[in-house]
Amino acid sequence: MARTNTVWAAAGMLLMAVTSSSSSSSSPSSTSVSSSSSDSSTSPVQVAFKSRRVHAFFYLWYGTPEADGQWQHWNHEVLPHWDPTRRNGFPSKFRFKPPEDVHSPFYPLRGCYSSRNKDVIMQQMQELKENGVGVVVLSWSGRPDLPGTHDTQGIRTDDLIELVLDVAEVADMRVALHLEPYENRTAFSVREDLLYLADRFSSHPAIFRMPNTNLPMYYVYDSYRVPVSEWIQILRPNRPQTIRGTKADGCIIGLWLDSHHGHELVDGGFDGAYTYFASDGFTFGSSVANWRSMSRFSLGTSLTAEAKLR
């Protein structure tokens, strides 16, 4: 299948337009928010929302004793520092104690809520719309029949996807999926994940689809932990286990964390890249100083440009 339109996404940037083979210019200024509307009375926020070019990650792992039988993620365990040489300087292995002390730098205005609460989800989506977000990217922990398909706190999200899709349809929001890592994940297990997701959710009207290909969009977190040689087998066409041209096909976005990941994503057959982290300087990909060169690289390869809001 010809890939005429792919994506590059950088955290913290408000909006850049997707370019495609039919575009008259690849310049970001030619596809800015303000220029995409012929009606001068339409606000930039409304234009951004209608364009579906601003995506926000939307997590489904919050729970309360009343709705879920226990606290979930509000009482997140403090994990050890990822750098073993600095680990002793940071306390870990204790849990927050909601509702007074929660795992968040900010306390939610609504109080601790459950991700199963339809009213809360609707209110959150309305607030996102009011700020120009047209697509929510739902965290998905994997197929429920596989062992280990849960996050570090033991939370699964598969059973919540349809509920959020139904609310999103009413809210006129669109939904993409964020494929979270799980134990023993491979490119071939991701292929099975995509088949499962296609069977369960692809017909839902709230699923976001790329305008020029009508394919759903999937963000793949920690994609760099799977060898490029495996990704090639499912993301490149004309391979025995390729997803291209099958019901599992989609616009597949990989994580650009370190400088060399851009080349790996291109080699692996990804349709685009995202940086995820919104903290300037935390990683190569999240460093503002690198975005221009990353954009140039993307425009010069199969990864073209769209940015997301996180």
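Provided above is the structure to which this section pertains.
Residues numbered from 1 in each chain as written. Predicted model: local features only at pLDDT ≥ 70, side-chain atom pairs only at ≥ 80, totals over all residues. Heavy atoms only, no water.

**Topic: the overall build of the protein**
A tally of regular secondary structure across the protein gives eight helices and seven strands. The buried share of the protein, reckoned over its 310 residues, is 51%. Surface accessibility of the protein: about 14,900 Å² in total, with carbon and sulfur atoms responsible for 51%. (Helix = DSSP H or I, 4+ residues; strand = E, 2+ residues; numbered from the N terminus. Buried < 20%, exposed > 50% of the residue type's maximum accessible area, 1.4 Å probe, protein only. Areas by Shrake-Rupley, 256 points an atom, 1.4 Å probe, with all protein chains shown as cover.)

**Thoughts on helix H5 (residues 187–201)**
Under the 1.5 Å per step criterion, the end-to-end length of H5 is 20 Å for 15 residues, consistent within 8% with the ideal 21 Å. Of all 15 residues in H5, 11 are buried; the element is thus mostly enclosed. Every buried residue of H5 is accounted for by Ala187, Ser189, Val190, Arg191, Asp193, Leu194, Leu195, Tyr196, Leu197, Ala198 and Phe201. Against strand S3 (135–140), helix H4 (161–171), strand S4 (174–179), strand S5 (217–220), helix H6 (228–235) and strand S6 (251–255) lie the buried residues of H5. The N-cap of H5, judged by a side-chain oxygen 3.2 Å from the amide nitrogen of Phe188 a few residues on, is Thr186. (Expected span 1.5 Å × (residues − 1). Contact = heavy atoms within 4.5 Å. Polar contact = N/O pair within 3.5 Å; in protein donor to acceptor, adjacent residues only side chain to side chain.)

**Considering the pairing of S6**
Two faces, one strand: in a regular strand the side chains alternate between the faces of the sheet. Burial within S6 is extensive, with five of its five residues counted as buried. The side-chain alternation of S6 yields two buried faces, one formed by Cys251, Ile253 and Leu255 and the other by Ile252 and Gly254. Sheet topology places S5 next to S6; four bridges connect them, and they run parallel. Bridging across to S6, Val220 finds its partner in Gly254. Where the polypeptide runs from S5 across H6 and back to S6, its parallel neighbour, the crossover connection is right-handed. Crossover S6 to strand S7 (residues 272–274) through helix H7 (residues 261–268) is right-handed. (Pairing = 2+ DSSP bridges. Right-handed = clockwise from strand over helix to strand, strands pointing away.)

**Some points on the side chain of His204**
Mapped onto the fold, His204 is located in the loop between H5 and S5. At 3.1 Å, the side chain of His204 and the backbone nitrogen of Ala206 are in polar contact. If sequence neighbours within four positions are ignored, His204 has contacts with Leu165, Asp166 and Glu169.

**Considerations on the packing of aromatic side chains**
The tally for this structure, following the rule as stated, stands at 18 aromatic pairs. Ring plane angle 75 degrees and centroid distance 5.4 Å describe the contact between Phe57 and Tyr276, whose orientation is recorded as edge-to-face. Residue Phe57 is found in strand S2 (residues 55–58), and its partner Tyr276 is found in the loop between S7 and helix H8 (288–299); the two are separated by 219 residues along the sequence. With relative accessibility at 11%, the residue Phe57 sits in the buried group. When the ring of Trp74 is compared with that of Tyr113, the centres are 5.2 Å apart and the planes differ by 80 degrees; the resulting orientation is edge-to-face. (Phe/Tyr/Trp six-rings, centres within 6.5 Å; stacked < 30°, edge-to-face > 60°.)

**Some points on unusual backbone geometry**
A cis geometry characterises the amide bond from Pro98 onward to Pro99, with omega recorded as 10 degrees. Summarising the element assignment, Pro99 is placed in the loop between helix H2 (65–68) and helix H3 (118–130). Phi at Asn184 is positive, roughly 60 degrees, even though this residue is not glycine. Locating Asn184 in the fold gives a position in the loop between S4 and H5. The class for Asn184 is exposed, based on a relative accessible area of 72%.

**A word on the packing of H5 against H6**
Geometry of a packed helix pair, given as the angle between the helix axes and the separation of the axes. Relative to each other, H5 and H6 sit at 35 degrees, their axes nearing to 8 Å. Residues Ala187, Phe188, Val190 and Arg191 of H5 form the contact with H6, whose participating residues are Glu230, Trp231, Gln233 and Ile234. When grouped by side-chain class, the residues that make up the contact of H5 with H6 number five nonpolar, one polar and two charged. (Axes fitted to C-alpha atoms, helices over the stretch in contact; angles between N-to-C directions. Nonpolar A, V, L, I, M, F, W, Y, C, P; charged D, E, K, R; others polar.)

**Quick word on the pattern of salt bridges**
Overall, the coordinates contain 13 salt bridges when judged by the stated rule. Notably, a salt bridge pairs Arg200 with Glu162, separated by 3.8 Å at the nearest N-O pair. Of this pair, Arg200 sits in helix H5 while Glu162 sits in helix H4, and the two are 38 residues apart along the sequence. With a relative accessible area of 35%, Arg200 lands in the partly exposed category. Overall, the relative accessible area of 41% leaves Glu162 in the partly exposed class. Three or more residues joined by partner-sharing salt bridges are found here, namely Arg52, Asp172 and Arg174. (Salt bridge = Lys/Arg side-chain N within 4 Å of Asp/Glu carboxyl O.)

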